[in-house]
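Listed here are the chains, written in short residue letters.
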Amino acid sequence: MLEKVEVINMEKVIEEFESMTKEAEKVQRETLRRILENNSSAEYLQNLGLNGRTDPESFKACVPLATHKDLEPFIYRILDGDDSPILTGKSITTMSLSSGTTQGKPKYIPWNDELFESTMQIYKTSFAFRNREFPIKNGKALNFIYGSKQFKTKGGLIATTATTNVFRNPSYKPTMKSLQSQCCSPDEVIFGGDFFQSLYCHLLCGLIFREEVQLVSSTFAHSIVHAFRAFEQVWEDLCNDIREGVLSSRVTVPSIRTAMSKLLKPNPELANVIHKKCSGLSNWYGLIPELFPNAKYIYGIMTGSMEPYLEKLRHYAGVIPLLTADYGASEGWIAANVNPKLPPELATYAVLPQIAYFEFIPLAQLENDNTFSCVDLQPVGLTEVKIGEEYEIVMTTFSGLYRYRLGDVVKVMRFHNSTPELKFIRRSTLLLNINIDKNTEKDLQLAVEAAAKLLVQEKLEVVEFTSHVDLSSEPGHYVIFWEISGEASEQVLSECCNCLDKSFVDAGYTSSRKVNAIGALELRVVRKGTFQKILDHYLGLGTAVSQYKTPRCVGPTHNNVLQILSENVVDRFFSSAFN
């Protein structure tokens, strides 16, 4: 008997979104009221003297702006087993872990059912707009998702990554079915516990169901690029598995082997088709449409730290459009992509006013407050932001974060009805800073993109990159680590190094370089596979591949990563751009 799947009424979802965004201010006040009423018994709020008031004015007067560090004493009490209402009215029984790649260690974030519901709301909203432009029907998704291990804290709470909390929720699979985005891989592959074996089987499942795959997706663009780079290495083994109907001996996890044996049957005809397709490609261009002829689009988060992977992803995608996914963080969701036809570089996200209470700190205030303290900052409300201005986001969520500084800087591009459409700009913290220089992740990305163009003449590309501020000698200097796809000449790499140095156009940097207050930029080339070792390191710490982001600046909290990089340096160059 076929399982009956509820099909979500997409037009109704869009109507609800339009209705909510037309009255964004009213919805925001109602959302804050619900959050504060639900959590009125929470110790955190009780100590601040709200006394049951739920209006925005009283809330802002009584509750201070906060960072994760401010909340850690309360979070650690919960982790240790204190089940009294500390941050929320109901006890928190599950914690999410951030990836840990930004700060060097994961942050614990309270997780509850409301967060899952807001995740599903975002999924439904963006799918409704996406499906209007790129309709899929009764499709499967080749979805490169990976559940991470979960463990129990000292106090008995379940802790795992935010994505795993979503994937493990009983309502996740039915929702994905109703959105016609069911993963073509069985649960045993998603939760297999060995990333490489799961990746291999995701690819194999995709090929088995190649005619049914209508979208290729993952949480982050990085995971999709990583998957097809792996495919280049193992495609002949995958063809052999399909031809013989026997799973490769490289897959040893019993649960994965058992699940795959139910799908894998000898199919020489399919194996021959795939082999012919792959053999006919030039440098793997257009690989995805060749493998999956009915794929309508490629989907995942492609903005912010994922932008460096877009060029390679487009290479694999050929004519298939790239659609960037929604805007959120481990702490909660913020906005949906309701303009799916826009390329990722131009993507904007419309804030859903019912999923959290939002405030925005004007960037000008932060620039005047070099200490980044929360004192005297005056955030504005969701509907009070101005087009063209940049802000840091502040969230109040159903899961116990109150006036929480997310650390993301966004630009208001336009309004959708009365809710703003945001463009992600960068993290608010500086990435590279020695003297009076201020360079962000975006500045680093632009510098790498400019210098990488010099590699094209040798038919090479930058596979991965990161940075480091070296203060071991005076004056300090920037170090850029590159892993490239082959061997470049010393002359070209020397030119790349100079180009990197000149591409940091921040006035504080260029003036400091000219007077030698900052030393010559150093380019260190690392051997092939170095960034895979960094990924392995984070996987060993429990990070899920679904949440992994390459750390773009290796600081004092990343000693092990810096050691991996340093041990794998094969060449180094110093800039002469300011000599």
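Residues numbered from 1 in each chain as written. Predicted model: local features only at pLDDT ≥ 70, side-chain atom pairs only at ≥ 80, totals over all residues. Heavy atoms only, no water.

Quick look at the overall build of the chain now. The number of helices and strands found in the chain is 21 helices and 21 strands. Taken against the 2.2 N^0.38 rule, which gives 25 Å for 579 residues, the C-alpha radius of gyration of the chain at 24 Å falls within 12% of a compact globule. Principal axes of the C-alpha set define a box for the chain whose edges measure 75 × 70 × 45 Å. Scored against the burial criterion, the 579 residues of the chain give a buried share of 57%. Put simply, 72% of the contacts in the chain that link residues at least 6 apart link residues at least 24 apart. (Helix = DSSP H or I, 4+ residues; strand = E, 2+ residues; numbered from the N terminus. Rg over C-alpha atoms; globule rule 2.2 N^0.38 Å. Buried < 20%, exposed > 50% of the residue type's maximum accessible area, 1.4 Å probe, protein only. Contact = heavy atoms within 4.5 Å.)

This part takes up the sheet that holds strand 20 (residues 522–526). Pairing between the strands of a sheet comes from backbone hydrogen bonds, and it takes one of two forms, parallel or antiparallel. Here we have 4 strands laid out as an open sheet, ordered 18-19-20-21, and mixed in their pairing. Lying at the two open borders of the sheet, with one neighbouring strand each, are strand 18 (462–470) and strand 21 (569–574). Neighbour to neighbour, the strand axes of the sheet diverge by 20 degrees on average, direction disregarded. Of the pairings in the sheet, the one linking strand 18 to strand 19 (residues 477–484) comprises 8 bridges and is antiparallel in character. Within strand 19, the position partnered with His-468 by the bridge is Val-479. (Pairing = 2+ DSSP bridges. Axes fitted to C-alpha atoms, helices over the stretch in contact; angles between N-to-C directions.)

Helix packing for two helices is described by the angle between their axes and how far apart those axes are. Packing of helix 11 (residues 221–244) against helix 13 (residues 268–279) brings their axes to within 7 Å, and their N-to-C directions diverge by 160 degrees. As judged from the angle between their axes, helix 11 and helix 13 are roughly antiparallel. Every pair of crossing elements has a handedness; the one defined by helix 11 and helix 13 is left-handed. The segment helix 11 lies against helix 13, with Phe-231, Trp-235, Glu-236, Cys-239, Ile-242 and Arg-243 engaging Pro-268, Leu-270, Ala-271, Asn-272, Ile-274, His-275, Cys-278 and Ser-279. Its residues placed into classes, the contact of helix 11 with helix 13 shows 9 nonpolar, 3 polar and 2 charged. (Parallel < 35°, antiparallel > 145°, perpendicular 65-115°, else oblique. Left-handed = near helix turned anticlockwise from the far one by under 90°. Nonpolar A, V, L, I, M, F, W, Y, C, P; charged D, E, K, R; others polar.)

This paragraph deals with the nonpolar core. Phe-228 and Phe-231 are the most contacted members of the largest nonpolar core, which has 157 residues in total. It is helix 11 that contributes the most residues to this core, 12 residues altogether. If we skip the residues at most four places from it in the chain, Phe-231 touches Leu-203, Leu-207, Leu-238, Cys-278, Trp-284, Leu-287 and Leu-291. Core analysis: the next-biggest nonpolar cluster, separate from the first, contains 31 residues, Leu-432, Leu-460, Val-469 and Phe-504 among them. (Core = buried A, V, L, I, M, F, W, Y, C linked by side-chain atoms within 4.5 Å.)

So, about the sheet that holds strand 1 (residues 94–97). In spatial order, the strands read 2-1-5-4; together these 4 strands make up an open sheet with mixed pairing. Looking at the sheet topology across the chains shown, the edges are occupied by strand 2 (108–111) and strand 4 (151–152). Judged from the 4 bridges that link them, strand 1 and strand 2 form a sheet pairing that is antiparallel. Within the sheet, the bridge partner assigned to Thr-94 lies in strand 2 and is Trp-111. Against the sheet, helix 5 (residues 68–79) makes contact with strand 1 and strand 2, and its axis sits at roughly 65 degrees relative to strand 2, the strand it touches most.

Turning to the side chain of Asn-498, a few remarks are in order. Tracing the chain through its elements places Asn-498 in helix 18 (residues 490–503). You can call Asn-498 buried: its relative accessible area is 18%. Of note is the side chain of Asn-498, whose polar atom sits 3.3 Å from the side chain of Ser-575. Within the structure, Asn-498 has its side chain in polar contact with the backbone nitrogen of Ser-576 (distance 2.7 Å). (Polar contact = N/O pair within 3.5 Å; in protein donor to acceptor, adjacent residues only side chain to side chain.)

What follows covers the pattern of salt bridges. The final tally for this structure, using the stated rule, is 22 salt bridges. Ionic pairing is found between Glu-331 and Lys-107, a salt bridge with its closest N-O pair at 3.1 Å. Placement of the pair is Glu-331 in the loop between strand 10 (327–329) and strand 11 (332–336) and Lys-107 in the loop between strand 1 and strand 2, with a sequence separation of 224 residues. Taking relative accessible area as the criterion, Glu-331 reaches 4% and is therefore assigned buried. (Salt bridge = Lys/Arg side-chain N within 4 Å of Asp/Glu carboxyl O.)

A few words now on the packing of aromatic side chains. By convention here, two paired aromatic rings are described through the distance between centres and the angle between planes. Under the criterion given, the structure shown has 21 aromatic pairs. With centroids separated by 5.9 Å and ring planes inclined at 65 degrees, the aromatic side chains of Phe-134 and Tyr-297 adopt a geometry described as edge-to-face. Taken together, the residues span a long stretch of sequence, with Phe-134 in the loop between helix 6 (113–133) and strand 3 (140–143) and Tyr-297 in strand 8 (residues 297–301) at a distance of 163 residues. The exposure classification of Phe-134 matches that of Tyr-297, with both residues buried. On the numbers, 5.0 Å between centres and 75 degrees between planes, the contact of Tyr-146 with Phe-195 is edge-to-face. Pair noted here: Tyr-146 is in the loop between strand 3 and strand 4 and Phe-195 is in helix 10 (residues 195–208), with a separation of 49 residues, a long-range link. Each of the two residues, Tyr-146 as well as Phe-195, counts as buried. Cluster of aromatic residues (ring-pair linked, three or more members): Phe-144, Phe-228, Phe-231, Trp-235, Trp-284 and Tyr-316. One Lys or Arg, Lys-140, reaches over the ring of Phe-209 and ends 5.0 Å from the middle of that ring. The ring of Phe-465 has Arg-552 sitting right over it, with the charged end atom 4.1 Å from the ring centre. (Phe/Tyr/Trp six-rings, centres within 6.5 Å; stacked < 30°, edge-to-face > 60°. Lys NZ or Arg CZ within 6 Å of the ring centre and 35° of its normal.)

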